[in-house]
Amino acid sequence: MKKRKRNKSEVLTSELLSDLSLSTLGLVLIIFVVYSIIFNSNVPYRKVAELKDEIEKFEFKTKNFQDKIFKLTGQNQQLKSEKDELTKKLINTEQRIRRIKQKSRYTGYYTGSYQGKLLDKCNEKKYSVITGSQSISYFQDADIMVYSVNVKDYGTMAFKYKGSLNGNVFTGSPIEYSRGEEITSCNEKLEIQVEFNGDSLRFEGDFGTQVLRKFE
């Protein structure tokens, strides 16, 4: 079949429509591209804003945490200083307690049984054996010792000594003396020497070494 020849007017109209279609399609493509660019570009900006907000929150928390650490560090230093001061006081106190204990370690009341000689008119060859109880009270701080003998039917005889402690041995001279009606000492000026040994003491009596135990 033969093609019909189009006139110039038809050709021009067709070209115009073709150009218009191409222009419209291009505009749509341009709008789509621009919209895509704008839409897609907003996503990272939002993410950046969110990250920035999170960073600011984290920095705020970090600052608060650092402030707490600073305060705790200051408190820790203060507590350390107080601990050091208390440690020094404790050491001084312990030293004083040790000195007090050392100075009063023998202080106490010692008791034991007694066996001695009751001389007839202070004659060493004429005597009666008497028994009873005896005690020593010692005050180490004052270097004072009180020695007492109690015998049934004879009464009590007591000496107060003033002396000094050398190591664990006390040596003293009598400064006071008292006695019952039926008992007396033939040598009121006789010194005493006592050796301390833990919770006991010993000294020489009429019949050898006398041992007294510390009363707790």
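**Quick word on the confidence of the model for the chain**
Part 1 of the argument: Of all residues in the chain, 77% attain a pLDDT of 70 or more, and the chain-wide mean is 81.
Part 2 of the argument: Counting contacts from residues 1-5, a segment whose pLDDT is below 50, to residues more than four positions away or on other chains yields 1 contact.

**Considerations on the pattern of salt bridges**
Part 1 of the argument: One pass over the structure, following the stated rule, counts 2 salt bridges.
Part 2 of the argument: In this structure, the salt-bridge partner of Lys80 is Asp84, at a minimum N-O distance of 3.4 Å. Residue Lys80 and its partner Asp84 are located together in helix 1 (residues 8-104), separated by 4 residues, close to a single helical turn.
Part 3 of the argument: When its relative accessible area of 34% is taken as the criterion, Asp84 is described as partly exposed.
Part 4 of the argument: Across the pair Lys160 and Glu176 runs a salt bridge, and its minimum N-O distance is 3.8 Å. Remark: Glu176 occurs in strand 5 (residues 169-179) and Lys160 occurs in strand 4 (residues 155-166); sequence separation between them is 16 residues.
Part 5 of the argument: On the accessibility criterion, Glu176 (47% relative accessible area) is partly exposed.

**A short note on the layout of surface pockets**
Part 1 of the argument: Within this model, the largest pocket holds a volume of roughly 720 Å³.
Part 2 of the argument: Looking at the largest pocket, it is lined by 26 residues, and the ones nearest its centre are Tyr114, Met157, Ser185, Leu190 and Asp206.
Part 3 of the argument: Counting only elements with at least two residues in the lining of the largest pocket, the list comes to strand 1 (108-120), strand 2 (123-139), strand 3 (144-151), strand 4, strand 6 (192-197) and strand 7 (200-205).
Part 4 of the argument: No other element matches the 4 residues that strand 1 contributes to the lining of the largest pocket.
Part 5 of the argument: Its residues assigned to classes, the lining of the largest pocket shows 14 nonpolar, 7 polar and 5 charged.

What counts, and where the lines are drawn
- Residues numbered from 1 in each chain as written.
- Predicted model: local features only at pLDDT ≥ 70, side-chain atom pairs only at ≥ 80, totals over all residues.
- Heavy atoms only, no water.
- pLDDT = per-residue confidence, 0-100.
- Contact = heavy atoms within 4.5 Å.
- Salt bridge = Lys/Arg side-chain N within 4 Å of Asp/Glu carboxyl O.
- Helix = DSSP H or I, 4+ residues; strand = E, 2+ residues; numbered from the N terminus.
- Buried < 20%, exposed > 50% of the residue type's maximum accessible area, 1.4 Å probe, protein only.
- 1 Å grid on protein atoms, 1.4 Å probe; cavity = no way out; pocket = protein on both sides within 12 Å on 5 of 7 lines; lining within 4 Å.
- Points joined across faces, edges and corners; volume = space filled by probe spheres on them.
- Nonpolar A, V, L, I, M, F, W, Y, C, P; charged D, E, K, R; others polar.

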